[in-house]
Amino acid sequence: MTRAELTDALRAIVGPRGVLSRASELLPFSADGLPTYRLPPSLAVLPSTRQQVIDVVRLLAREQVAFVPRGAGTGLSAGALAQHDAVIIGLNRLTRIISVDPVNRLAVVEPGAVNVSLTRAAAPHGLHYAPDPSSQSACTIGGNVAENSGGPHCLKYGVTLNHVVAVTVLLPNGDITTLGSAEGETPGYDLLGAFVGSEGCFGIALDVTVRLVPDPQAVRTMLADFMSIEAGARATSAVIASGILPAAIEMMDGPTIRAVEDSIYAAGYPADAEAVLLIELDGLEAGIDDEVHRVKAMCTDAGARTVRIARDEAERARLWQGRKKAFGAMGRVAPALVVQDAVIPRTRLPDVLRTVHEIAARWNIRVCNVFHAGDGNLHPNIAFDPNDADATDRVHHAMREIMRACVDAGGTITGEHGVGLDKLEYMPLIFSPASLDAQCRLRTVFDPERRANPGKVVPVHACREWLAAPAARGRV
C-alpha cells in the first residue's frame with residue numbers, strides 16, 4: 001500500500017479531518033516537550049472513538065506499518081516522536097472520564113483524559129487522583145501510564161504505577177487484552193507492572209482504571225528559604241530522617257527563584273535566597289500542627305532564614321504556582337529549555353548539585369534546578385537558544401556529563417520522564433548487556449514485530465532498535 005493509499009484507508013476510518021499529511025499540519029508532532037529533537041512523522045491520525053483506534057491499529061498491522069501513540073505531547077524525553085516512517089496515533093480526542101466509583105474509590109478513564117480533569121471529576125466525592133506531574137493541567141493519563149509519571153506529591157503517595165489497577169490494552173497486532181483487575185490482585189506474572197512505564201512500546205491503553213485517594217483532612221504548606229543549597233539539603237535529610245513523611249518536599253535554587261519572581265508567576269519567594277524548600281504536610285487535623293512545628297525547627301536548625309506557613313488556601317495556591325510554573329517562567333531566560341531528569345541518593349544532593357554547577361560553568365551554559373528533593377529526583381534545567389548550533393552542542397555535552405555524574409553518585413538516569421530517544425545512550429551506564437537483552441525479550445512478548453514506538457528505550461543492536469548516528473535520531 002502506497003502512502004497515498006494508506007492515507008485514504010485511514011481517512012475511511014476516522015474521516016477526512018482525522019488524518020494529517022501536509023508538512024505544516026505535521027509540524028506540531030515533530031517534537032515533544034524536549035526541544036533538542038525534531039522528527040516529523042509521515043502521517044498523523046487522530047481517532048475520536050475507541051473503535052476507531054482499534055480499526056487504525058488493525059489496518060497498520062495488516063500493512064506492517066509502525067506507529068507511535070501520543071497524548072498531549074508534553075513528554076520530556078523525545079518519547080512520542082516518530083521514526084522509520086511511523087504513523088503518529090494521537091489519542092488526545094479520547095478524553096472521557098468513563099466512570100467515577102466513590103464507594104470503591106476507582107475511576108475508569110480514556111487515555112486522552114487530562115490528568116487534572118480526573119481530580120476535578122472526583123472532587124465532589126472528597127477524592128482525588130494523587131500523581132500530579134507539573135504538567136498536570138495538560139498531560140494525559142495515557143501518557144502518564146506510558147512514562148510512569150511522578151510529581152511533587154509522589155513522595156508520599158507513589159507514582160502512576162501505584163495508582164493503576166487495570167488497563168485495557170490494544171496490542172500492536174490488533175488484539176485486545178486486559179492487564180490487572182479492578183477487583184484486586186491477579187494471579188501470574190505482573191504484566192500490568194510491565195506495561196506501566198513501557199513508553200508506548202507494548203501497545204495502546206484503550207482505558208485505564210485508577211485508584212482515587214481521599215482528600216486529606218488537613219493540609220499545611222510551608223516555604224523555608226536558605227542562603228545555600230547545602231543548607232536546604234540538610235533540612236530535607238533531617239525531615240526525612242525524623243520519620244515525618246511530608247506529602248511533598250520541593251527545592252528550587254537561586255536562579256530558579258529569580259526566574260519565577262521576575263515572571264507573571266511570581267509567588268513571593270525571597271529573591272535573594274539561594275534555595276527554597278516548599279514543604280507540604282497533610283493528614284489528620286489532630287497532630288498536624290505539631291509536625292509543622294517540628295519541621296519548622298528542623299529547617300531553622302539547618303540554617304533557614306525564615307519559615308513561612310501559608311495562612312489560607314489562596315496563599316498555598318500561590319506558593320505552589322511558583323513551583324508548578326517554574327518551567328514556564330524560565331521562558332523569559334531563553335527561547336528553549338531542556339528539563340533533564342535523574343535520581344540520586346538524597347544524601348548526595350549537595351555534592352551532585354555542586355558538580356552540576358561546575359559542568360555548567362565549564363560549558364558556559366545556564367542551569368536552573370527545581371526538583372523533588374524528598375526523593376532525590378533532580379531536574380537540572382538548561383535554558384538555551386536552539387538556533388545557536390554552538391550553544392546546542394554545548395548543551396548536549398553538558399547533559400551527558402550531568403547524567404554521568406548522577407550515575408557515578410549512585411543514581412539512575414530517569415525518575416519520571418522516561419528514556420525515549422534522549423537517554424538511549426545512557427542505558428548501558430546502568431544496565432548490563434544481559435539486562436538490556438532481557439528487556440528486549442520482554443518487549444517481544446507484546447510486540448514481536450517491533451512496530452510500536454520503534455527505536456525507543458532499549459539501545460541493543462540485537463533488538464534492531466539502535467541508530468548510532470545522533471543526527472539519525474533527530475537530535476537538533
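Calculation rules
- Residues numbered from 1 in each chain as written.
- Predicted model: local features only at pLDDT ≥ 70, side-chain atom pairs only at ≥ 80, totals over all residues.
- Heavy atoms only, no water.
- Buried < 20%, exposed > 50% of the residue type's maximum accessible area, 1.4 Å probe, protein only.
- Helix = DSSP H or I, 4+ residues; strand = E, 2+ residues; numbered from the N terminus.
- Pairing = 2+ DSSP bridges.
- Contact = heavy atoms within 4.5 Å.
- Axes fitted to C-alpha atoms, helices over the stretch in contact; angles between N-to-C directions.
- Core = buried A, V, L, I, M, F, W, Y, C linked by side-chain atoms within 4.5 Å.
- Polar contact = N/O pair within 3.5 Å; in protein donor to acceptor, adjacent residues only side chain to side chain.
- 1 Å grid on protein atoms, 1.4 Å probe; cavity = no way out; pocket = protein on both sides within 12 Å on 5 of 7 lines; lining within 4 Å.
- Points joined across faces, edges and corners; volume = space filled by probe spheres on them.
- Nonpolar A, V, L, I, M, F, W, Y, C, P; charged D, E, K, R; others polar.
- Expected span 1.5 Å × (residues − 1).
- Arc of directions from axis to C-beta.

Trainee: So what's going on with the pairing of strand 4 (residues 87-90)? Residues and values would help.
Mentor: Burial along strand 4 is two-sided: the residues V87 and I89 and I88 and G90 are all buried. As judged from the three bridges shared by strand 2 (residues 43-45) and strand 4, these two strands associate in the parallel manner. Looking at strand 4, one finds that L43 is bridged to V87. The pairing of strand 3 (residues 67-70) with strand 4 spans four bridges and is classified as parallel. Of the residues in strand 4, the one forming a bridge with V68 is I88.

Trainee: Tell me about the pairing of strand 12 (residues 218-226), residues and numbers included.
Mentor: Residues in a regular strand point their side chains to alternate faces of the sheet. In terms of residue burial, strand 12 counts as a mostly covered element, since eight of its nine residues are buried. Of the pairings in the sheet, the one linking strand 12 to strand 14 (residues 275-283) comprises nine bridges and is antiparallel in character. Looking across to strand 14, one finds that A224 is bridged to L277.

Trainee: I'd like a description of the sheet that holds strand 4, backed by residues and values.
Mentor: Strand order in the open sheet made by the four strands is 1-2-4-3, with mixed pairing throughout. The open sheet has two free edges, formed respectively by strand 1 (19-20) and strand 3, since each of these has just one partner strand. By the bridge criterion, two bridges tie strand 1 to strand 2 in an arrangement that is antiparallel. Bridging across to strand 2, L20 finds its partner in A44. Sitting on the sheet, helix 1 (residues 3-14) is in contact with strand 1, strand 2 and strand 4, with an inclination near 10 degrees to strand 2. Here helix 3 (residues 50-62) sits on the sheet and contacts strand 2, strand 3 and strand 4; the angle it forms with strand 4, its principal contact strand, is near 165 degrees.

Trainee: Give me the sheet that holds strand 6 (residues 106-109): which residues, what numbers.
Mentor: With respect to topology, five strands assemble into an open sheet ordered 5-6-10-8-9, the strand pairing being antiparallel. With one partner strand each, in any of the chains shown, strand 5 (97-101) and strand 9 (176-180) form the two edges of the open sheet. Each strand axis lies, on average, 10 degrees off the axis of its neighbour in the sheet, ignoring direction. As defined by bridge partners, strand 8 (residues 164-170) adjoins strand 10 (residues 204-211) across six bridges and the pair is classed as antiparallel.

Trainee: Before we move on, can you summarise the nonpolar core with the specific residues and values?
Mentor: Among the nonpolar cores identified, the biggest contains 90 residues, and V208, F226, L277, V295 and C299 are the most heavily contacted of them. If one sorts the elements of this core by residue count, helix 14 (residues 389-408) sits on top with eight residues. Leaving out residues up to four positions away in the same chain, L277 has contacts with M222, L223, A224, F226, G232, A235, T236, I249, E250, M251 and A373. In this structure, M252, L319, L337 and V370 belong to the second largest nonpolar core, which totals 24 residues.

Trainee: Can you tell me about the side chain of E110, naming the residues and giving the values?
Mentor: Examined against the element boundaries, E110 turns out to sit in the loop between strand 6 and helix 4 (115-122). A distance of 3.3 Å separates a polar atom in the side chain of E110 from the backbone nitrogen of T95. In this structure E110 touches L94, T95, R96, I98 and L206, once residues within four positions along its chain are discounted.

Trainee: Help me get a handle on the layout of surface pockets, residues and values and all.
Mentor: The calculated volume of the second largest pocket comes to roughly 550 Å³. What lines the second largest pocket is a set of 31 residues, and nearest its centre among them are G197, S198, E199, Q439 and V457. Broken down by element, the residue count for the lining of the second largest pocket peaks at three residues, all from helix 16 (residues 433-446). Tallied by class, residues from the lining of the second largest pocket come to 15 nonpolar, ten polar and six charged.

Trainee: Summarise helix 10 (residues 288-302); cite the residues concerned and give the values.
Mentor: Taking 1.5 Å as the rise per residue, helix 10 with 15 residues should run 21 Å; its terminal C-alpha atoms sit 21 Å apart, in good agreement. The complete set of buried residues in helix 10 reads I288, V292, V295, M298, C299 and A302. Viewed end-on, helix 10 has its buried residues packed into an arc of 125 degrees, placing them on one side of the element. In helix 10, those exposed residues whose orientation departs by more than 90 degrees from the buried face are H293 and D301. Backbone geometry just after helix 10 places G303 at a positive phi near 120 degrees.

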